[in-house]
2 protein chains.
Amino acid sequence: MTPRISVITLGVTDLVRSRRFYIDGLGWKASSTSDEHVVFIDLGGIVLGLYPRDLLAKDATLVPGTGFGGVTLAQNMKSKAEVDAALRDAVEAGATLLKPAADTFWGGYSGYFADPDGHPWEVAFNPFWGLDEAGRVLLPG
Amino acid sequence: MTPRISVITLGVTDLVRSRRFYIDGLGWKASSTSDEHVVFIDLGGIVLGLYPRDLLAKDATLVPGTGFGGVTLAQNMKSKAEVDAALRDAVEAGATLLKPAADTFWGGYSGYFADPDGHPWEVAFNPFWGLDEAGRVLLPG
């Protein structure tokens, strides 16, 4: 199987609220393929989908669980100052600050916010991994 | 905040088992930055991380939940035949087939497998979204 990911879909309980956060709040752009049932956002060749949590579970033949589901998303930044600014932007857009930015045990700097459904996003500066001009991670081979 | 994602981390209960599935089974490559506590896999400028679920929850200041957490990952393919082949490969590598591939209500073709921790992956053919040469989704604007 090719090492690739195309879509990350977050189950949401209120699509209007999620749209307000990701589109109006963070300023991300909803694709024209979005409608009142689903939102698709281009994250640079990777698609973030927002879809009702119960329908998403049903599509995957699963039963919705409770609490943290064991998946975190992260956006890496080019400096500590960019981490601070992004966390501030997210909170202004309506996110909940889970963890203020601080130096980490692995030698980086990061904080976490939760989106309106509690999905955790880390915002991190990792001095060991570069980012190319398009913002893609240059992971050592 | 820039529309970008850098890392997706899956909480796992047995890193050796996860490594056996993703690295030995699917044939994905562990970055040299991986060690006995964490595995990083380059998915084309996006990093898939595998990390103990309890430590991941702790890092995000959350309590581990139960069941489906409301996040699905998807890999899009260029044909129905590629979907069938990828699902077969995943099951051979030790995945659980959640949903055999079939035509979908939205006009595509997809199936789901679960990784050893139950994280659901959809494998899909979406005739409305192209893929560039690097396999990145060409989402309509």
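Reading the values: the criteria
- Residues numbered from 1 in each chain as written.
- Chains lettered and ligands numbered in written order.
- Predicted model: local features only at pLDDT ≥ 70, side-chain atom pairs only at ≥ 80, totals over all residues.
- Contact = placed C-beta atoms within 7 Å.
- Helix = DSSP H or I, 4+ residues; strand = E, 2+ residues; numbered from the N terminus.
- Nonpolar A, V, L, I, M, F, W, Y, C, P; charged D, E, K, R; others polar.
- Pairing = 2+ DSSP bridges.
- Least-squares fit on C-alpha atoms with pLDDT ≥ 70 in both.
- Axes fitted to C-alpha atoms, helices over the stretch in contact; angles between N-to-C directions.

Q: So what's going on with the interface of chain A and chain B? Which residues, and what values?
A: Contacts between the two partners involve 63 residues from chain A, matched on the other side by 63 residues from chain B. Of all the secondary structure elements, the ones that give two or more residues to the side of chain A that touches chain B are strand S1 (7–12), strand S2 (39–42), strand S3 (47–52), helix H2 (53–59), strand S4 (71–77), helix H3 (80–92) and strand S5 (96–103) of chain A. In terms of residue count, the dominant contributor to the side of chain A that touches chain B is S4(A) (6 residues). Partitioned by chemical class, the residues of the side of chain A that touches chain B number 33 nonpolar, 22 polar and 8 charged. Strand direction decides the pairing type here: S1(A) and strand S4 (residues 71–77) of chain B, joined by 4 bridges, are antiparallel. Opposite A:Thr9, over in S4(B), you have B:Thr72 as the bridge partner.

Q: Please set out the relation of the copies chain A and chain B residue by residue, giving values where relevant.
A: Each copy of the sequence occupies a distinct position, and chain A is placed on chain B by a rotation of 180° and an axial shift of 0.0 Å, giving an RMSD of 0.0 Å. The transformation relating the two chain copies, once decomposed into turn and shift, fits a two-fold axis. Residue A:Gly69 of chain A places its C-alpha closer to the rotation axis than any other residue of that unit, at 1.7 Å. A shared binding surface is used by both copies, with 100% of the interface residues of chain A retained as interface residues in chain B.

Q: Break down the sheet that holds strand S7 (residues 120–125) of chain B for me, citing the residues and quoting the values.
A: Strands sit in the order S2(A)-S3(A)-S1(A)-S4(B)-S7(B)-S6(B)-S5(B) across an open sheet of 7 strands; the sheet is mixed. The sheet is open, and its two borders are formed by S2 of chain A together with strand S5 (96–103) of chain B, each paired with just one other strand. Sheet twist, expressed as the mean angle between neighbouring strand axes with direction ignored, is 20°. Two strands pair when backbone bridges link them, and S5(B) and strand S6 (residues 109–114) of chain B are joined in this way by 5 bridges, in the antiparallel orientation. Within S6(B), the position partnered with B:Lys99 by the bridge is B:Tyr112. Sitting on the sheet, helix H3 (residues 80–92) of chain B touches S4, S5, S6 and S7 of chain B, and the angle it makes with S6(B) is about 10°.

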